[in-house]
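# Structural overview for review
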Amino acid sequence: MKGLQVRLAHVVGKRPLSRTDHWSFLFGQIAIYSLVVLVLTGAFLTFFYDPDTTQVIYQGAYTPLRGVPVSQAFASTLEVSLEVRGGLLMRQVHHWATLIFIGAVCVHLLRLFFTGAFRRPRGLNWLIWVALFILGIAAGVTGGILPDDMLSGGSLSLIQGVTQSIPLVGTHLTGLLFGGAVPGDQVIPLFYRLHVLLIPVIMVELLIVRRWLLRRHGHSHYPGATHIPPLSSLALFFATCGMLTLLGTVAQINPIWLYGPARPGTTGAGAVPDWYMGFLDGAIRIMPAWEPIVAGHPLTLSVLIPALMVPGAFFTVLAAYPLIERRLTGDSRIHHTLDRPREAAVRTAAGAAGMTFYGLLWAAAANDQLAHHFNLSLFAVTWFFRVAVVAGPVVVFELTRRICLALQEQDRQRLAHGIETGVLRRSPRGEYTEVIASPARKGIHADQH
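Just so it is clear, the model here is predicted, and its values are computed rather than measured.

A word on the packing of helix α5 (residues 123–145) against helix α6 (residues 150–164). At a closest axis distance of 8 Å, the pairing of α5 and α6 adopts a crossing angle of 125°. Compared by their axis directions, α5 and α6 come out oblique. Between α5 and α6, the contacting residues are Val141, Gly144 and Ile145 on the first element and Ser152, Ser155, Leu156 and Ile159 on the second. Taken together, the residues of the contact of α5 with α6 sort by class into 4 nonpolar, 3 polar and no charged.

Below is the structure:
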């Protein structure tokens, strides 16, 4: 199957897919360029944001909140949004760049997975992209806490609940994180340092290591691949910047002046996290209320399993998959040429099953909205997701595997019997035969059935 793509390309009279004309190679660059925008806009915002939780009386430009006690963090975020020239644009571009960055990394990981680009010698490159995915989520969560608005207050409550669910040490970790009473005065300054200093530095260092690995091992490629011209890459950078600027201009996001400052118990029922945290929200929503008593202490499995064990297991398997596949297949060879997804039926089926698992948890985060808009029972919708999240990946795995095997057989048939052209030829005796494109040679010649 390795040379099948090249041979079929000659059969149909087209050149093989190359690195210059295949769209799947763009997502990694979009992720890197989005990170550049994140760093630049974040540097601008740090000049105006104050990570101080001291309560002040708001006297800024937004009239409906004048005279309301707010934190200095919330007041400074309002100031940069409504009083600093270009501040709101920078905030919105920064937020959109976060969403696009995480999305691009996610899709790039799917491309690496389904084409086998994680195999030797690129196992470390795979780990770097997995780490960037996790760090991107961490950056989004810590950044979402900083405005100290109603949504960030709800996120802090979730972080508190998850931390306290950890057996034995959960209470102590909560005290260390929040500094005593929740929400406390130290969590926002702590997240500010993580968001502005530690996480970006680690991400940039990982990208430097990735660049070194790229120079050492070269690009993975499809059969007959060529390299992307530098001008095309530069054009993609400007296109990414332009699209993020357009989104920041016309698509409002996180209008904290409408949400108001964080207050205990004021988070609205329709408040939901950003898309990349939807799987965690959905897992918590459909988890049964299990809370057994062990040695006289309650064990909050209804939070511990969906919020820590499920994502922990998911990302561990994701990071370790190159080793798992190498152990199961015994393939330790060096691979520079990419596979088509159909050529690795089990891998593709496993990827589809993982996407189904993630997607169902993500959709479960809207179980209340689904029940409301389709006039369904919330109990029934929740139970549907509980069953689907277990049975769905199994069904999708087997269905995808069979589709891949069928496509492999179809390719073998094309190589053995040629490509039907739909062109009929009449012989001198009046017989009609179809012209078949034969793969016997690189050029196409006509065989008659």
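Now for the side chain of Asp411. Positionally, Asp411 belongs in helix α15 (residues 378–417). Assessed through its relative accessible area of 1%, Asp411 is described here as buried. Within the structure, Asp411 has its side chain in polar contact with the side chain of Arg342 (distance 3.0 Å).

For the rest of this paragraph, the subject is a nonpolar patch on the surface. Judged by side-chain polarity, Leu124, Leu127, Val209 and Trp212 come together as a nonpolar surface patch covering roughly 370 Å² of accessible area. Broken down by secondary-structure element, the contributors of at least two residues to the nonpolar patch are α5 and α8 (187–217). By the secondary structure assignment, Trp212 is in helix α8. Relative accessible area serves as the criterion here: at 49%, Trp212 is assigned to the partly exposed category.

In this section: the pairing of strand β6 (residues 432–437). As paired elements, strand β5 (residues 419–426) and β6 share 5 bridges and run antiparallel to each other. The residue bridging Arg425 from the neighbouring strand is Thr433, located in β6. Linking β5 back to β6 in an antiparallel pair, the connection comprises 5 residues, with Gly430 at a positive phi of about 95°.

Keep in mind that low pLDDT regions are not for reading the predicted coordinates in detail. In the predicted model, the chain carries a mean pLDDT of 85, and the fraction of residues at 70 or more is 89%. Taken together, the stretch residues 1–20 has pLDDT below 50 and engages in 50 contacts with residues farther than four places along the chain or on a different chain. Segment residues 440–449 is flagged for pLDDT under 50; beyond a separation of four residues in sequence, or across chains, it makes 25 contacts in the model.

So, about the environment of Met277. Summarising the element assignment, Met277 is placed in the loop between α10 (256–259) and α11 (278–286). The spatial distance from the C-alpha of Met277 to the C-alpha of Gly140 is 9.3 Å, given a sequence separation of 137 residues. Setting aside chain neighbours within four positions, we find Met277 in contact with Ile137 and Val141.

The element α11 is extensively covered by neighbouring structure, given that 7 of its 9 residues are classed as buried. Among the residues making up α11, those that are buried are Gly278, Phe279, Leu280, Asp281, Gly282, Ala283 and Ile286. Buried residues along α11 sit against α12 (301–329), α13 (345–364) and α15.

So, on to the packing of aromatic side chains. Applying the stated criterion across every chain yields a total of 19 aromatic pairs. Relative to Phe237, the ring of Tyr33 lies with its centre 5.2 Å away and its plane at 80°, an arrangement referred to as edge-to-face. Residue Tyr33 is located in helix α2 (residues 26–46), and its partner Phe237 is located in helix α9 (residues 230–250); the two are separated by 204 residues in the primary sequence. Taken together, the ring pairs connect Phe133, Phe279, Phe314, Phe315, Phe357 and Tyr358 into an aromatic cluster. Across from the ring centre of Phe25, 4.3 Å away, lies the NZ or CZ of Arg111, which sits over that ring. Positioned above the aromatic ring of Trp383 is the side chain of Arg386, whose terminal nitrogen or guanidinium carbon lies 4.9 Å from the ring centre.

What counts, and where the lines are drawn
Residues numbered from 1 in each chain as written. Predicted model: local features only at pLDDT ≥ 70, side-chain atom pairs only at ≥ 80, totals over all residues. Heavy atoms only, no water. Axes fitted to C-alpha atoms, helices over the stretch in contact; angles between N-to-C directions. Helix = DSSP H or I, 4+ residues; strand = E, 2+ residues; numbered from the N terminus. Parallel < 35°, antiparallel > 145°, perpendicular 65-115°, else oblique. Contact = heavy atoms within 4.5 Å. Nonpolar A, V, L, I, M, F, W, Y, C, P; charged D, E, K, R; others polar. Buried < 20%, exposed > 50% of the residue type's maximum accessible area, 1.4 Å probe, protein only. Polar contact = N/O pair within 3.5 Å; in protein donor to acceptor, adjacent residues only side chain to side chain. Patch = residues over 30% accessible without salt bridge, like charges linked within 9 Å, V, L, I, M, F, W, Y side chains within 5 Å. Areas by Shrake-Rupley, 256 points an atom, 1.4 Å probe, with all protein chains shown as cover. Salt bridge = Lys/Arg side-chain N within 4 Å of Asp/Glu carboxyl O. Pairing = 2+ DSSP bridges. pLDDT = per-residue confidence, 0-100. Phe/Tyr/Trp six-rings, centres within 6.5 Å; stacked < 30°, edge-to-face > 60°. Lys NZ or Arg CZ within 6 Å of the ring centre and 35° of its normal.

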